[in-house]
Amino acid sequence: MRAYRLKRVTLGEARATIDRYVRALSRGDFPNAQAAAVACRNELTRRCRGRKVVTLGALTLQLRQDARLKQLAYAKARWNSEDSRVAERYARAVVAGRYASVKLAARACHAELGRGRGARRSRRPRSAVETRIYELCRAMGLHTRAHWTEKERRVVNRYLRDLYAGRFPRVKAAAEACAREMQQLSGPRGGGDSAGTGRHSTGAVFRAMTGSSKRFGLPRFGSAIGSLERRLYEKHARAIAGGRYADAVQAAAACRREVTRIYARIGARGPLHVRRLAPRSLIATRSGILKAVHRLNIQYPRRRWLPTEMRIFNGWLRWYSRYHHVRRLEPLTQAANGLSEDLAKKGFRRTPRACEGRLLFMRRKTTRE
């Protein structure tokens with residue numbers, strides 16, 4: 001008997017569900033039409049078990065078309081003619097100098113777009129409105145980012161020096177304090193709006209600070225390690241393996257001093273004139289050295305025993321536990337030397353003394369248990 005095949009769920013059958021997700025998209029419940037289509041398709045799949053549903057591409061296209069026909073705006077929707085005219089009006093106001101920044105104009109534009117009624121009310125987020133106005137201003141020949149004056153640069157550099165000296169825990173905290181001071185110097189703009197932070201926003205100050213590290217030859221505060229630190233971490237990792245340090249903590253303390261000394265010399269000679277440079281923490285330095293150890297496949301004393309080493313070790317531990325009372329065999333010495341040699345054959349370096357200590361410790365531990 002031939003099995004009966006269920007038909008695919010059509011767009012017509014799914015109309016009520018699609019309409020609901022179109023409204024959710026316009027409310028801002030989803031960042032874009034594709035995300036709404038994924039959720040819609042998942043619901044249709046659950047409801048219509050055993051039947052194939054429309055493809056994700058077709059459903060995404062349908063959501064976009066329905067939103068456009070109903071004149072519903074969402075984050076990445078096309079701008080219709082009416083909303084475009086409103087945005088262009090505010091862009092011209094920025095160019096004419098009636099708004100101190102695109103951010104302030106976008107706030108007013110977003111409020112006006114949201115005052116519409118019914119289907120014409122825009123649900124577009126303010127960030128999308130700000131991006132649109134900024135693009136329009138650029139098209140009108142206005143570069144909206146304010147130039148940095150020499151006085152403002154001096155303020156930023158002073159906060160950068162405080163940041164490198166360790167007076168701020170993060171770049172963001174230093175940028176916020178710097179923006180507040182510059183606001184007090186120039187005064188808020190934009191008709192008394194509290195969002196106006198002088199000529200430069202906190203975000204602009206943050207970008208200026210993080211972008212300065214390359215210009216001054218200093219490490220970006222709290223970021224991933226640079227090439228100079230990487231080389232020093234590898235140098236001290238090799239020093240551990242060579243027996244210069246007892247463990248990674250001693251190596252980290254010495255490496256930390258060397259990193260600080262080199263960067264302090266660079267900072268003092270550079271245009272920023274950093275006299276004191278707060279070093280990375282001892283924990284962060286130790287972590288960088290241990291990563292270099294693993295990256296270079298370096299073996300050093302007192303490191304953790306790896307699973308491969310433990311398999312070899314367990315064999316010799318069983319042998320030692322069996323013959324430890326036979327004094328004439330010198331079982332501990334023989335087991336330690338044999339373990340060290342077997343580990344060396346597999347590319348691991350453990351001294352006979354280290355193997356001896358490990359055998360004694362583990363045998364006592366297993367005996368107690």
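Caption draft 1: Representation of the overall build of the protein in the model. Tallying secondary structure elements over the protein gives 16 helices and zero strands in all. When the 369 residues of the protein are sorted by exposure, 39% land in the buried category. Long-range pairs, those at least 24 residues apart, make up 65% of the contacts in the protein between residues at least 6 apart in sequence.

Caption draft 2: Representation of a positive patch on the surface. On the surface, a cluster of positive charge is contributed by Arg257, Arg261, Arg265 and Arg269. Inspection of the secondary structure puts Arg261 in helix α12 (residues 248-269). Residue class for Arg261 comes out partly exposed when judged on its relative accessible area of 48%.

Caption draft 3: Summary view of the packing of helix α11 (residues 227-241) against α12. The interhelical angle for the contact between α11 and α12, taken along N-to-C directions, is 150°, at an axis separation of 10 Å. Here α11 is positioned roughly antiparallel relative to α12, judged by the angle of their axes. As α11 runs across α12, the sense of the crossing is right-handed. For the pair α11 and α12, contact is made by Leu228, Glu229, Leu232, Tyr233, Lys235, His236 and Ile240 and by Ala248, Ala251, Ala254, Cys255, Glu258, Val259, Ile262, Tyr263 and Ile266, respectively. Partitioned by chemical class, the residues of the contact of α11 with α12 number 12 nonpolar, one polar and three charged.

Caption draft 4: Region of interest: the pattern of salt bridges. Enumeration over the complete set of coordinates arrives at nine salt bridges. The closest approach of N and O atoms between Arg167 and Asp162, which form a salt bridge, is 2.8 Å. Judged by its relative accessible area of 59%, Arg167 falls in the exposed class. Linking Glu258 and Lys235 is a salt bridge whose minimum nitrogen-to-oxygen distance equals 2.9 Å. With Glu258 in helix α12 and Lys235 in helix α11, the pair connects residues that are 23 residues apart, well separated along the chain. With relative accessibility at 14%, the residue Glu258 sits in the buried group. Owing to a relative accessible area of 39%, Lys235 belongs among the partly exposed residues under this scheme.

Caption draft 5: Representation of α12. Between its first and last C-alpha, α12 extends 31 Å over 22 residues, near the 32 Å set by a 1.5 Å rise per residue. Listed in full, the buried residues belonging to α12 are Ala248, Ala251, Ala252, Ala254, Cys255, Glu258, Val259, Ile262, Tyr263 and Gly267. Buried residues belonging to α12 abut α11 and α13 (282-296).

Caption draft 6: Region of the structure containing the side chain of Glu181. Mapped onto the secondary structure, Glu181 falls in helix α8 (residues 171-186). Looking at Glu181, its side chain comes within polar contact range of the side chain of Tyr159, at 2.6 Å. The contacts of Glu181, once residues within four sequence positions are left out, are Val155, Arg158 and Tyr159.

Caption draft 7: View of the packing of aromatic side chains. Throughout the structure, instances matching the rule amount to four aromatic pairs. Residues Trp316 and Trp319 carry aromatic rings whose centres are separated by 5.8 Å and whose planes lie at 65° to one another, so their mutual orientation is edge-to-face. Taken together, the positions of Trp316 and Trp319, both in helix α14 (residues 307-323) and three residues apart, correspond to about one turn of that helix. Judged by centre distance (5.2 Å) and plane angle (45°), the rings of Trp319 and Tyr323 are tilted. Taken as a pair, Trp319 and Tyr323 lie in helix α14 at a separation of four residues, close to a single helical turn. Clustering of aromatic rings is evident, with ring pairs tying together Trp316, Trp319 and Tyr323. One cation-aromatic arrangement involves Arg350 over Trp305; the distance from NZ or CZ to the ring centre is 4.4 Å.

Caption draft 8: Spotlight on the packing of helix α5 (residues 102-113) against helix α6 (residues 126-139). α6 packs onto α5 with a crossing angle of 120° between their chain directions and a minimal axis gap of 8 Å. By the angle between their axes, α5 is oblique relative to α6. In terms of crossing hand, the pair formed by α5 and α6 is right-handed. Contacts between α5 and α6 involve Val102, Lys103, Ala105, Ala106, Arg107, Cys109, His110 and Leu113 from the former and Arg126, Val129, Glu130, Ile133, Tyr134 and Cys137 from the latter. Partitioning the contact of α5 with α6 into residue classes produces nine nonpolar, one polar and four charged.

Caption draft 9: Highlighting the confidence of the model for the protein. In this model, the protein carries an average pLDDT of 77, and 78% of its residues clear a pLDDT of 70 or more. Segment residues 1-6 is flagged for pLDDT under 50; beyond a separation of four residues in sequence, or across chains, it makes two contacts in the model.

Caption draft 10: Structural view of the nonpolar core. The biggest cluster of nonpolar side chains holds 39 residues, and the ones touching the most others in it are Tyr159, Leu160, Cys178, Val205, Met209 and Ile289. Elements that contribute at least two residues to this core include exactly α7 (150-164), α8, α9 (202-210), α11, α12 and α13. Ranked by residue count, the leading element in this core is α12, at eight residues. Listed in part, the 17 residues of the second largest apolar core include Val22, Cys40, Val53 and Leu63.

Reading guide: rules and limits
Residues numbered from 1 in each chain as written. Predicted model: local features only at pLDDT ≥ 70, side-chain atom pairs only at ≥ 80, totals over all residues. Heavy atoms only, no water. Helix = DSSP H or I, 4+ residues; strand = E, 2+ residues; numbered from the N terminus. Buried < 20%, exposed > 50% of the residue type's maximum accessible area, 1.4 Å probe, protein only. Contact = heavy atoms within 4.5 Å. Patch = residues over 30% accessible without salt bridge, like charges linked within 9 Å, V, L, I, M, F, W, Y side chains within 5 Å. Areas by Shrake-Rupley, 256 points an atom, 1.4 Å probe, with all protein chains shown as cover. Salt bridge = Lys/Arg side-chain N within 4 Å of Asp/Glu carboxyl O. Lys, Arg positive; Asp, Glu negative; His and termini not counted. Charge placed at Lys NZ, Arg CZ, Asp CG, Glu CD. Axes fitted to C-alpha atoms, helices over the stretch in contact; angles between N-to-C directions. Parallel < 35°, antiparallel > 145°, perpendicular 65-115°, else oblique. Left-handed = near helix turned anticlockwise from the far one by under 90°. Nonpolar A, V, L, I, M, F, W, Y, C, P; charged D, E, K, R; others polar. Expected span 1.5 Å × (residues − 1). Polar contact = N/O pair within 3.5 Å; in protein donor to acceptor, adjacent residues only side chain to side chain. Phe/Tyr/Trp six-rings, centres within 6.5 Å; stacked < 30°, edge-to-face > 60°. Lys NZ or Arg CZ within 6 Å of the ring centre and 35° of its normal. pLDDT = per-residue confidence, 0-100. Core = buried A, V, L, I, M, F, W, Y, C linked by side-chain atoms within 4.5 Å.

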